[in-house]
There are 2 protein chains.
Amino acid sequence: MKKKVYVIGIGPGAYEEMTIRAVRAMESCEVIIGYTVYVDLVKEQFPGKTFLTTPMTKEVERCEMALREAREGRTTAMICSGDAGVYGMAGLMHEIRNERGYSEVEIEVVPGITAATAGAAILGAPLIHDFAVISLSDLLTPWEKIEERLRSAAKGDFAICLYNPSSRKRKDYLRRACEILLEYQSPDTVCGYVRQIARDGQEKHVTTLGRLKETGTDMFTTVFIGNSQTRVIGEAMVTPRGYRYEKED
Amino acid sequence: MKKKVYVIGIGPGAYEEMTIRAVRAMESCEVIIGYTVYVDLVKEQFPGKTFLTTPMTKEVERCEMALREAREGRTTAMICSGDAGVYGMAGLMHEIRNERGYSEVEIEVVPGITAATAGAAILGAPLIHDFAVISLSDLLTPWEKIEERLRSAAKGDFAICLYNPSSRKRKDYLRRACEILLEYQSPDTVCGYVRQIARDGQEKHVTTLGRLKETGTDMFTTVFIGNSQTRVIGEAMVTPRGYRYEKED
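Quick notes on the rules
- Residues numbered from 1 in each chain as written.
- Chains lettered and ligands numbered in written order.
- Predicted model: local features only at pLDDT ≥ 70, side-chain atom pairs only at ≥ 80, totals over all residues.
- Heavy atoms only, no water.
- Axes fitted to C-alpha atoms, helices over the stretch in contact; angles between N-to-C directions.
- Helix = DSSP H or I, 4+ residues; strand = E, 2+ residues; numbered from the N terminus.
- Parallel < 35°, antiparallel > 145°, perpendicular 65-115°, else oblique.
- Left-handed = near helix turned anticlockwise from the far one by under 90°.
- Contact = heavy atoms within 4.5 Å.
- Nonpolar A, V, L, I, M, F, W, Y, C, P; charged D, E, K, R; others polar.
- Disulfide = S-S within 2.5 Å.
- Pairing = 2+ DSSP bridges.
- Phe/Tyr/Trp six-rings, centres within 6.5 Å; stacked < 30°, edge-to-face > 60°.
- Buried < 20%, exposed > 50% of the residue type's maximum accessible area, 1.4 Å probe, protein only.
- Lys NZ or Arg CZ within 6 Å of the ring centre and 35° of its normal.
- Polar contact = N/O pair within 3.5 Å; in protein donor to acceptor, adjacent residues only side chain to side chain.

Draft legend 1. Just the packing of helix α6 (residues 143–155) of chain A against helix α7 (residues 173–181) of chain A, in detail. Residue and element names in this part refer to chain A. Axis separation between α6 and α7 bottoms out at 9 Å; the angle between their running directions is 40°. Considering their axes alone, α6 and α7 lie oblique with respect to each other. The two elements α6 and α7 cross, and the hand of that crossing is right-handed. Contact with α6, carried on its side by Trp143, Glu147, Leu150, Arg151 and Ala154, involves Tyr173, Arg176, Ala177, Ile180 and Leu181 of α7 and no other residues of that element. Grouping the amino acids of the contact of α6 with α7 by side-chain chemistry returns seven nonpolar, no polar and three charged.

Draft legend 2. How the structure looks around the state of the cysteines. Inspection of every chain in the model, using the stated rule, returns zero disulfides over all chains. Distance from the sulfur of Cys80(B), which forms no disulfide, to the nearest cysteine sulfur (Cys63(B)) is 8.0 Å.

Draft legend 3. Quick peek at the sheet that holds strand β12 (residues 231–233) of chain A. All names here are of chain A. Across the sheet, three strands lie side by side as β6-β13-β12; this open sheet has mixed pairing. The open sheet has two edge strands, β6 (124–125) and β12, and neither has a second partner. Across three bridges, β12 lies against strand β13 (residues 236–238) in antiparallel orientation. Counted as the bridge partner of Val232 is Met237 from β13.

Draft legend 4. Representation of the packing of aromatic side chains. On inspection of all chains with the given rule, the structure shows eight aromatic pairs over all chains. Note on Tyr35(A) and Tyr38(A): the rings are 5.1 Å apart at their centroids and 80° apart in plane angle, and the pair reads as edge-to-face. The buried category is assigned to Tyr38(A), whose relative accessible area is 16%. The residue whose ring lies beneath Arg176(B) is Trp143(B), and the NZ or CZ to ring-centre distance is 4.4 Å. Taking NZ or CZ as reference, Arg176(B) lies 4.8 Å from the ring centre of Tyr173(B), over its face.

Draft legend 5. Spatial organisation of helix α1 (residues 20–27) of chain B. Taking burial as the measure, the eight residues of α1(B) include six buried ones, the bulk of the element. Its buried side turned inward, α1(B) meets α1 (20–27) of chain A together with β1 (4–9), β2 (31–35), α2 (36–42), β4 (76–80) and β5 (106–110) of chain B.

Draft legend 6. Summary view of the side chain of Ser137(A). All names here are of chain A. Structurally, Ser137 can be placed in the loop between β7 (131–135) and α6. By relative accessible area, Ser137 is classed as buried at 16%. A distance of 3.4 Å separates the side chain of Ser137 from the backbone nitrogen of Leu139, its partner in a polar contact. Setting aside anything within four residues of it in sequence, one finds Ser137 in contact with Ile146, Asn164 and Arg170.

Structure below.
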(Lines give C-alpha, C1' and ligand atoms only; values in the text may rest on other atoms or scores of the structure.)
Protein backbone atom coordinates (compact mmCIF):
# COMPACT_ATOMS: atom_id res chain seq x y z
CA MET A 1 0.00 0.00 0.00
CA LYS A 2 1.28 3.45 -0.92
CA LYS A 3 2.29 5.51 2.13
CA LYS A 4 2.09 9.19 1.38
CA VAL A 5 2.34 12.65 2.89
CA TYR A 6 1.21 15.65 0.88
CA VAL A 7 2.84 18.93 1.90
CA ILE A 8 0.25 21.42 0.75
CA GLY A 9 0.36 25.19 0.38
CA ILE A 10 -3.17 26.43 1.09
CA GLY A 11 -2.47 29.97 -0.11
CA PRO A 12 -2.81 33.20 1.84
CA GLY A 13 -6.00 32.34 3.70
CA ALA A 14 -9.28 32.34 1.81
CA TYR A 15 -10.47 28.90 0.70
CA GLU A 16 -10.89 30.10 -2.91
CA GLU A 17 -7.17 30.97 -3.09
CA MET A 18 -6.40 27.23 -2.91
CA THR A 19 -5.64 25.38 -6.15
CA ILE A 20 -7.97 22.66 -7.40
CA ARG A 21 -5.05 20.24 -6.98
CA ALA A 22 -4.63 21.22 -3.31
CA VAL A 23 -8.34 20.71 -2.63
CA ARG A 24 -8.33 17.29 -4.35
CA ALA A 25 -5.21 16.23 -2.45
CA MET A 26 -6.80 17.19 0.88
CA GLU A 27 -10.01 15.38 -0.05
CA SER A 28 -7.94 12.25 -0.72
CA CYS A 29 -6.40 12.35 2.77
CA GLU A 30 -7.60 10.75 5.98
CA VAL A 31 -5.56 13.02 8.24
CA ILE A 32 -4.89 16.76 7.93
CA ILE A 33 -2.11 18.23 10.08
CA GLY A 34 -1.06 21.83 10.57
CA TYR A 35 -0.47 24.77 12.82
CA THR A 36 -3.72 25.44 14.69
CA VAL A 37 -4.51 28.71 12.87
CA TYR A 38 -4.22 27.12 9.39
CA VAL A 39 -6.25 24.07 10.32
CA ASP A 40 -9.03 26.40 11.53
CA LEU A 41 -8.94 28.15 8.13
CA VAL A 42 -9.80 24.96 6.23
CA LYS A 43 -11.62 22.73 8.77
CA GLU A 44 -15.17 23.53 7.59
CA GLN A 45 -14.33 22.78 3.96
CA PHE A 46 -13.11 19.23 4.67
CA PRO A 47 -15.66 17.44 6.87
CA GLY A 48 -14.97 13.91 8.09
CA LYS A 49 -11.19 14.30 8.26
CA THR A 50 -9.04 13.73 11.32
CA PHE A 51 -7.40 17.07 12.16
CA LEU A 52 -4.20 17.13 14.20
CA THR A 53 -2.49 20.36 15.25
CA THR A 54 0.69 21.45 16.99
CA PRO A 55 1.72 24.94 18.13
CA MET A 56 3.76 27.26 15.88
CA THR A 57 7.14 26.28 17.29
CA LYS A 58 6.67 22.50 17.20
CA GLU A 59 7.47 22.09 13.50
CA VAL A 60 9.78 19.09 13.76
CA GLU A 61 7.18 17.28 15.85
CA ARG A 62 4.50 18.24 13.33
CA CYS A 63 6.53 16.74 10.46
CA GLU A 64 7.21 13.52 12.35
CA MET A 65 3.53 13.30 13.32
CA ALA A 66 2.62 13.44 9.62
CA LEU A 67 5.25 10.87 8.63
CA ARG A 68 4.10 8.53 11.42
CA GLU A 69 0.45 8.78 10.35
CA ALA A 70 1.43 8.01 6.75
CA ARG A 71 3.64 5.08 7.75
CA GLU A 72 0.70 3.61 9.65
CA GLY A 73 -1.25 3.70 6.38
CA ARG A 74 -3.27 6.91 6.72
CA THR A 75 -2.68 9.24 3.78
CA THR A 76 -1.86 12.57 5.40
CA ALA A 77 -1.81 16.23 4.40
CA MET A 78 0.58 18.65 6.12
CA ILE A 79 -0.81 22.09 5.38
CA CYS A 80 1.14 25.36 5.30
CA SER A 81 -0.09 28.88 4.64
CA GLY A 82 1.01 30.34 1.31
CA ASP A 83 3.35 28.00 -0.54
CA ALA A 84 4.76 24.92 1.24
CA GLY A 85 8.15 25.60 -0.36
CA VAL A 86 8.57 29.28 0.60
CA TYR A 87 9.40 29.53 4.32
CA GLY A 88 7.13 26.49 4.58
CA MET A 89 7.39 22.86 5.72
CA ALA A 90 8.39 21.16 2.44
CA GLY A 91 12.11 21.26 3.21
CA LEU A 92 11.86 20.21 6.86
CA MET A 93 9.60 17.31 5.84
CA HIS A 94 12.28 16.00 3.48
CA GLU A 95 14.94 16.50 6.20
CA ILE A 96 12.98 14.70 8.94
CA ARG A 97 11.94 11.86 6.58
CA ASN A 98 15.62 11.32 5.83
CA GLU A 99 17.08 11.86 9.34
CA ARG A 100 14.49 9.72 11.14
CA GLY A 101 14.12 6.85 8.71
CA TYR A 102 10.73 7.29 7.06
CA SER A 103 12.05 6.48 3.57
CA GLU A 104 9.02 4.23 2.88
CA VAL A 105 6.79 7.32 3.00
CA GLU A 106 6.47 9.25 -0.27
CA ILE A 107 6.40 13.07 -0.06
CA GLU A 108 4.45 15.12 -2.62
CA VAL A 109 4.68 18.90 -2.38
CA VAL A 110 1.60 20.75 -3.69
CA PRO A 111 2.41 24.40 -4.40
CA GLY A 112 0.20 27.28 -3.27
CA ILE A 113 -0.08 31.05 -3.70
CA THR A 114 2.64 32.63 -1.58
CA ALA A 115 2.26 36.04 0.11
CA ALA A 116 4.70 37.63 -2.37
CA THR A 117 2.43 37.09 -5.38
CA ALA A 118 -0.86 37.34 -3.44
CA GLY A 119 0.21 40.69 -1.97
CA ALA A 120 1.62 41.88 -5.30
CA ALA A 121 -1.76 41.25 -6.98
CA ILE A 122 -3.46 43.43 -4.36
CA LEU A 123 -0.97 46.30 -4.77
CA GLY A 124 -0.82 46.19 -8.58
CA ALA A 125 2.31 44.60 -10.05
CA PRO A 126 5.38 45.36 -7.90
CA LEU A 127 7.15 42.05 -8.71
CA ILE A 128 6.56 41.97 -12.45
CA HIS A 129 10.30 41.85 -13.15
CA ASP A 130 13.33 40.38 -11.27
CA PHE A 131 12.80 40.33 -7.51
CA ALA A 132 14.23 39.08 -4.21
CA VAL A 133 12.31 37.57 -1.30
CA ILE A 134 13.85 38.11 2.14
CA SER A 135 12.58 37.21 5.61
CA LEU A 136 13.47 39.60 8.43
CA SER A 137 13.07 36.84 11.01
CA ASP A 138 16.39 36.09 12.73
CA LEU A 139 15.13 33.00 14.56
CA LEU A 140 17.20 30.72 12.29
CA THR A 141 19.31 33.26 10.40
CA PRO A 142 21.91 35.63 11.88
CA TRP A 143 20.91 39.30 11.44
CA GLU A 144 24.27 39.97 9.72
CA LYS A 145 23.23 37.52 6.97
CA ILE A 146 19.86 39.25 6.58
CA GLU A 147 21.62 42.61 6.37
CA GLU A 148 24.01 41.25 3.71
CA ARG A 149 21.03 40.03 1.65
CA LEU A 150 19.29 43.41 1.93
CA ARG A 151 22.47 45.15 0.71
CA SER A 152 22.94 42.69 -2.16
CA ALA A 153 19.31 43.00 -3.27
CA ALA A 154 19.50 46.82 -3.18
CA LYS A 155 22.80 46.86 -5.11
CA GLY A 156 21.24 44.60 -7.75
CA ASP A 157 18.23 46.93 -8.09
CA PHE A 158 15.84 44.06 -7.36
CA ALA A 159 12.26 44.71 -6.37
CA ILE A 160 12.16 43.25 -2.84
CA CYS A 161 9.43 41.43 -0.94
CA LEU A 162 9.92 41.22 2.83
CA TYR A 163 8.33 38.42 4.87
CA ASN A 164 8.08 38.60 8.68
CA PRO A 165 8.88 42.35 8.72
CA SER A 166 8.38 42.50 12.46
CA SER A 167 6.98 40.76 15.50
CA ARG A 168 6.51 41.52 19.17
CA LYS A 169 10.16 40.68 19.81
CA ARG A 170 11.47 42.40 16.63
CA LYS A 171 9.58 45.68 16.61
CA ASP A 172 12.31 47.75 14.95
CA TYR A 173 13.51 45.28 12.27
CA LEU A 174 11.62 46.90 9.39
CA ARG A 175 13.09 50.27 10.36
CA ARG A 176 16.58 48.76 10.44
CA ALA A 177 15.99 47.13 7.04
CA CYS A 178 14.79 50.43 5.56
CA GLU A 179 17.83 52.25 6.95
CA ILE A 180 20.10 49.78 5.13
CA LEU A 181 18.13 50.06 1.87
CA LEU A 182 18.23 53.88 2.12
CA GLU A 183 22.03 53.69 1.83
CA TYR A 184 21.45 52.55 -1.78
CA GLN A 185 17.94 53.65 -2.73
CA SER A 186 16.15 56.98 -2.85
CA PRO A 187 13.70 57.78 -0.02
CA ASP A 188 11.17 58.30 -2.84
CA THR A 189 11.43 54.64 -3.91
CA VAL A 190 7.87 53.37 -4.28
CA CYS A 191 6.93 50.85 -1.58
CA GLY A 192 3.78 49.11 -0.47
CA TYR A 193 2.53 46.76 2.18
CA VAL A 194 -0.49 44.52 2.65
CA ARG A 195 -1.96 43.34 5.94
CA GLN A 196 -4.06 40.21 6.41
CA ILE A 197 -3.85 39.13 2.75
CA ALA A 198 -7.08 37.41 1.65
CA ARG A 199 -8.39 37.47 5.23
CA ASP A 200 -10.88 39.63 7.14
CA GLY A 201 -9.51 43.12 7.59
CA GLN A 202 -7.25 43.04 4.52
CA GLU A 203 -5.52 46.43 4.08
CA LYS A 204 -3.21 47.75 1.35
CA HIS A 205 -0.95 50.80 1.48
CA VAL A 206 1.28 52.40 -1.16
CA THR A 207 4.01 54.62 0.25
CA THR A 208 7.70 55.52 -0.14
CA LEU A 209 10.83 53.98 1.35
CA GLY A 210 11.35 57.12 3.44
CA ARG A 211 7.87 56.85 4.95
CA LEU A 212 7.99 53.05 5.24
CA LYS A 213 10.90 53.47 7.66
CA GLU A 214 8.54 55.27 10.04
CA THR A 215 5.73 52.73 9.61
CA GLY A 216 4.89 50.16 12.25
CA THR A 217 3.95 46.77 10.80
CA ASP A 218 3.15 43.40 12.36
CA MET A 219 3.70 39.71 11.62
CA PHE A 220 0.60 39.65 9.41
CA THR A 221 2.09 42.18 6.99
CA THR A 222 3.99 41.59 3.73
CA VAL A 223 6.16 44.49 2.55
CA PHE A 224 7.16 45.41 -1.02
CA ILE A 225 10.06 47.71 -1.93
CA GLY A 226 10.19 48.83 -5.54
CA ASN A 227 13.25 48.90 -7.79
CA SER A 228 14.53 52.11 -9.42
CA GLN A 229 11.83 51.82 -12.12
CA THR A 230 8.79 51.16 -9.92
CA ARG A 231 6.06 53.80 -10.21
CA VAL A 232 2.62 54.61 -8.88
CA ILE A 233 -0.02 54.30 -11.62
CA GLY A 234 -3.40 55.48 -10.36
CA GLU A 235 -3.47 53.77 -6.96
CA ALA A 236 -1.34 50.80 -8.07
CA MET A 237 2.33 50.02 -7.37
CA VAL A 238 3.74 48.91 -10.72
CA THR A 239 7.24 47.79 -11.72
CA PRO A 240 7.71 47.89 -15.49
CA ARG A 241 8.88 44.81 -17.36
CA GLY A 242 12.55 45.53 -17.84
CA TYR A 243 13.70 48.96 -18.96
CA ARG A 244 11.30 49.80 -21.79
CA TYR A 245 10.94 53.39 -20.57
CA GLU A 246 14.64 54.13 -20.31
CA LYS A 247 15.01 52.85 -23.86
CA GLU A 248 12.15 55.01 -25.17
CA ASP A 249 13.35 58.20 -23.49
CA MET B 1 -22.60 48.97 -15.04
CA LYS B 2 -19.26 47.76 -13.70
CA LYS B 3 -16.61 47.47 -16.41
CA LYS B 4 -13.95 44.99 -15.44
CA VAL B 5 -10.86 43.18 -16.63
CA TYR B 6 -9.48 40.31 -14.60
CA VAL B 7 -5.78 39.64 -15.13
CA ILE B 8 -5.54 35.99 -14.20
CA GLY B 9 -2.57 33.74 -13.54
CA ILE B 10 -3.62 30.26 -14.66
CA GLY B 11 -0.58 28.55 -13.13
CA PRO B 12 2.04 26.43 -14.87
CA GLY B 13 -0.28 24.60 -17.24
CA ALA B 14 -2.52 21.88 -15.86
CA TYR B 15 -6.11 22.96 -15.18
CA GLU B 16 -5.94 21.64 -11.61
CA GLU B 17 -3.05 24.00 -10.81
CA MET B 18 -5.50 26.94 -11.13
CA THR B 19 -6.97 28.43 -7.97
CA ILE B 20 -10.70 28.19 -7.28
CA ARG B 21 -10.77 31.99 -7.43
CA ALA B 22 -9.23 32.00 -10.92
CA VAL B 23 -11.76 29.43 -12.17
CA ARG B 24 -14.69 31.41 -10.71
CA ALA B 25 -13.37 34.66 -12.21
CA MET B 26 -13.09 33.06 -15.65
CA GLU B 27 -16.57 31.57 -15.34
CA SER B 28 -17.90 35.08 -14.60
CA CYS B 29 -16.38 36.47 -17.80
CA GLU B 30 -17.88 36.75 -21.27
CA VAL B 31 -14.53 37.11 -23.04
CA ILE B 32 -11.23 35.31 -22.36
CA ILE B 33 -8.10 36.74 -23.99
CA GLY B 34 -4.56 35.42 -24.05
CA TYR B 35 -1.58 34.23 -25.97
CA THR B 36 -2.73 31.40 -28.23
CA VAL B 37 -0.92 28.64 -26.31
CA TYR B 38 -2.48 29.60 -22.97
CA VAL B 39 -5.97 29.93 -24.40
CA ASP B 40 -5.63 26.40 -25.82
CA LEU B 41 -4.71 25.16 -22.33
CA VAL B 42 -8.01 26.30 -20.81
CA LYS B 43 -10.48 26.42 -23.75
CA GLU B 44 -12.15 23.05 -23.05
CA GLN B 45 -12.77 23.93 -19.40
CA PHE B 46 -14.72 27.10 -20.18
CA PRO B 47 -17.33 26.36 -22.85
CA GLY B 48 -19.51 29.15 -24.22
CA LYS B 49 -16.91 31.90 -23.79
CA THR B 50 -15.63 34.15 -26.54
CA PHE B 51 -11.89 33.46 -26.87
CA LEU B 52 -9.62 36.07 -28.43
CA THR B 53 -5.91 35.51 -28.98
CA THR B 54 -2.88 37.47 -30.14
CA PRO B 55 0.64 36.22 -30.87
CA MET B 56 3.37 36.22 -28.20
CA THR B 57 4.83 39.58 -29.19
CA LYS B 58 1.57 41.53 -29.43
CA GLU B 59 1.20 42.15 -25.69
CA VAL B 60 0.26 45.83 -25.81
CA GLU B 61 -2.42 45.05 -28.39
CA ARG B 62 -3.64 42.18 -26.21
CA CYS B 63 -4.02 44.48 -23.21
CA GLU B 64 -5.87 47.13 -25.20
CA MET B 65 -8.11 44.46 -26.72
CA ALA B 66 -9.09 43.38 -23.18
CA LEU B 67 -9.68 46.94 -22.00
CA ARG B 68 -11.79 47.70 -25.10
CA GLU B 69 -13.95 44.59 -24.56
CA ALA B 70 -14.48 45.58 -20.92
CA ARG B 71 -15.30 49.18 -21.80
CA GLU B 72 -17.95 47.92 -24.20
CA GLY B 73 -19.53 46.09 -21.26
CA ARG B 74 -18.19 42.56 -21.64
CA THR B 75 -16.43 41.38 -18.49
CA THR B 76 -13.08 40.10 -19.73
CA ALA B 77 -10.33 37.82 -18.47
CA MET B 78 -6.75 38.34 -19.64
CA ILE B 79 -4.97 35.08 -18.86
CA CYS B 80 -1.25 34.60 -18.28
CA SER B 81 0.69 31.42 -17.56
CA GLY B 82 2.02 31.15 -14.01
CA ASP B 83 1.30 34.29 -12.00
CA ALA B 84 0.00 37.42 -13.76
CA GLY B 85 2.32 39.55 -11.63
CA VAL B 86 5.61 37.69 -12.25
CA TYR B 87 6.85 38.46 -15.79
CA GLY B 88 3.12 38.56 -16.58
CA MET B 89 0.61 41.07 -17.95
CA ALA B 90 -0.61 42.67 -14.69
CA GLY B 91 1.81 45.58 -14.90
CA LEU B 92 1.38 46.29 -18.60
CA MET B 93 -2.41 46.22 -18.15
CA HIS B 94 -2.17 48.98 -15.52
CA GLU B 95 0.21 50.94 -17.78
CA ILE B 96 -1.99 50.70 -20.90
CA ARG B 97 -5.17 51.46 -18.94
CA ASN B 98 -3.50 54.64 -17.70
CA GLU B 99 -1.69 55.70 -20.88
CA ARG B 100 -4.65 55.11 -23.22
CA GLY B 101 -7.50 56.42 -21.09
CA TYR B 102 -9.42 53.35 -19.91
CA SER B 103 -9.77 54.65 -16.34
CA GLU B 104 -13.46 53.61 -16.28
CA VAL B 105 -12.35 49.95 -16.48
CA GLU B 106 -11.51 48.29 -13.16
CA ILE B 107 -8.53 45.90 -13.11
CA GLU B 108 -8.47 42.93 -10.70
CA VAL B 109 -5.32 40.80 -10.63
CA VAL B 110 -5.91 37.16 -9.67
CA PRO B 111 -2.65 35.49 -8.58
CA GLY B 112 -1.55 32.07 -9.81
CA ILE B 113 1.17 29.50 -9.15
CA THR B 114 4.36 30.82 -10.73
CA ALA B 115 7.06 28.54 -12.20
CA ALA B 116 9.42 29.31 -9.28
CA THR B 117 7.19 27.64 -6.69
CA ALA B 118 5.69 25.04 -9.07
CA GLY B 119 9.17 23.93 -10.12
CA ALA B 120 10.47 24.07 -6.54
CA ALA B 121 7.71 21.68 -5.43
CA ILE B 122 8.78 19.18 -8.11
CA LEU B 123 12.47 19.36 -7.13
CA GLY B 124 11.91 19.28 -3.35
CA ALA B 125 12.34 22.60 -1.57
CA PRO B 126 15.10 24.71 -3.17
CA LEU B 127 13.43 28.07 -2.37
CA ILE B 128 12.47 27.39 1.24
CA HIS B 129 14.51 30.36 2.46
CA ASP B 130 15.46 33.77 0.95
CA PHE B 131 15.65 33.65 -2.85
CA ALA B 132 16.01 35.79 -5.98
CA VAL B 133 14.10 35.40 -9.25
CA ILE B 134 15.95 36.53 -12.37
CA SER B 135 14.99 36.34 -16.04
CA LEU B 136 17.82 35.77 -18.52
CA SER B 137 15.79 37.33 -21.33
CA ASP B 138 17.45 40.52 -22.59
CA LEU B 139 14.52 41.55 -24.80
CA LEU B 140 13.64 44.44 -22.44
CA THR B 141 16.63 44.39 -20.08
CA PRO B 142 20.28 45.08 -21.00
CA TRP B 143 22.49 42.02 -20.44
CA GLU B 144 24.78 44.13 -18.19
CA LYS B 145 21.83 44.62 -15.83
CA ILE B 146 21.10 40.88 -15.80
CA GLU B 147 24.78 40.20 -15.09
CA GLU B 148 24.75 42.71 -12.22
CA ARG B 149 21.71 40.97 -10.71
CA LEU B 150 23.35 37.55 -10.99
CA ARG B 151 26.44 38.89 -9.19
CA SER B 152 24.37 40.56 -6.48
CA ALA B 153 22.28 37.44 -5.88
CA ALA B 154 25.41 35.26 -5.68
CA LYS B 155 27.14 37.68 -3.29
CA GLY B 156 24.05 37.65 -1.08
CA ASP B 157 24.03 33.82 -1.00
CA PHE B 158 20.44 33.76 -2.29
CA ALA B 159 18.94 30.63 -3.74
CA ILE B 160 18.25 31.69 -7.33
CA CYS B 161 15.45 30.80 -9.74
CA LEU B 162 16.14 31.58 -13.41
CA TYR B 163 13.28 32.19 -15.85
CA ASN B 164 13.83 32.16 -19.63
CA PRO B 165 17.27 30.48 -19.28
CA SER B 166 17.63 30.28 -23.04
CA SER B 167 15.88 30.45 -26.37
CA ARG B 168 16.72 29.86 -30.01
CA LYS B 169 18.35 33.30 -30.16
CA ARG B 170 20.01 33.06 -26.75
CA LYS B 171 21.46 29.56 -26.74
CA ASP B 172 24.49 30.33 -24.54
CA TYR B 173 22.86 32.59 -21.91
CA LEU B 174 22.58 29.91 -19.23
CA ARG B 175 26.26 29.05 -19.73
CA ARG B 176 27.17 32.74 -19.39
CA ALA B 177 25.04 33.04 -16.24
CA CYS B 178 26.69 29.94 -14.73
CA GLU B 179 30.16 31.32 -15.50
CA ILE B 180 29.30 34.50 -13.56
CA LEU B 181 27.87 32.55 -10.61
CA LEU B 182 30.96 30.30 -10.57
CA GLU B 183 33.06 33.37 -9.73
CA TYR B 184 31.29 33.37 -6.35
CA GLN B 185 29.89 29.86 -5.84
CA SER B 186 31.43 26.39 -5.75
CA PRO B 187 31.00 24.18 -8.85
CA ASP B 188 29.49 21.67 -6.40
CA THR B 189 26.61 24.04 -5.56
CA VAL B 190 23.41 21.99 -5.81
CA CYS B 191 21.27 23.00 -8.79
CA GLY B 192 18.16 21.67 -10.47
CA TYR B 193 15.95 22.33 -13.44
CA VAL B 194 12.46 21.36 -14.50
CA ARG B 195 11.12 21.17 -18.06
CA GLN B 196 7.45 21.46 -19.06
CA ILE B 197 6.21 22.03 -15.49
CA ALA B 198 2.76 20.48 -15.01
CA ARG B 199 2.53 19.67 -18.74
CA ASP B 200 3.03 16.52 -20.82
CA GLY B 201 6.67 15.49 -20.82
CA GLN B 202 7.51 17.09 -17.46
CA GLU B 203 11.14 16.33 -16.52
CA LYS B 204 13.17 17.14 -13.39
CA HIS B 205 16.94 17.05 -12.97
CA VAL B 206 19.15 17.63 -9.92
CA THR B 207 22.75 18.52 -10.76
CA THR B 208 25.62 20.83 -9.77
CA LEU B 209 26.50 24.35 -10.89
CA GLY B 210 29.58 23.00 -12.64
CA ARG B 211 27.49 20.53 -14.68
CA LEU B 212 24.61 22.97 -15.21
CA LYS B 213 27.04 25.19 -17.13
CA GLU B 214 27.40 22.38 -19.69
CA THR B 215 23.66 21.69 -19.87
CA GLY B 216 21.52 22.80 -22.77
CA THR B 217 18.07 24.05 -21.72
CA ASP B 218 15.19 25.60 -23.62
CA MET B 219 12.50 28.25 -23.10
CA PHE B 220 10.26 25.69 -21.36
CA THR B 221 12.80 25.14 -18.59
CA THR B 222 12.99 26.75 -15.13
CA VAL B 223 16.40 26.61 -13.43
CA PHE B 224 17.20 26.57 -9.71
CA ILE B 225 20.62 27.36 -8.21
CA GLY B 226 21.06 26.53 -4.55
CA ASN B 227 22.62 28.73 -1.89
CA SER B 228 25.68 27.64 0.15
CA GLN B 229 23.43 25.51 2.40
CA THR B 230 21.40 23.67 -0.28
CA ARG B 231 21.80 19.88 -0.20
CA VAL B 232 20.55 16.78 -1.96
CA ILE B 233 18.33 14.70 0.33
CA GLY B 234 17.40 11.42 -1.32
CA GLU B 235 16.51 12.65 -4.81
CA ALA B 236 15.31 16.06 -3.61
CA MET B 237 17.00 19.48 -3.83
CA VAL B 238 16.50 21.04 -0.39
CA THR B 239 17.56 24.40 1.02
CA PRO B 240 17.39 24.43 4.83
CA ARG B 241 15.38 27.12 6.61
CA GLY B 242 18.10 29.51 7.69
CA TYR B 243 21.34 28.24 9.17
CA ARG B 244 20.15 25.61 11.65
CA TYR B 245 22.95 23.21 10.63
CA GLU B 246 25.78 25.69 10.98
CA LYS B 247 24.51 26.52 14.46
CA GLU B 248 24.35 22.87 15.48
CA ASP B 249 27.84 22.02 14.21
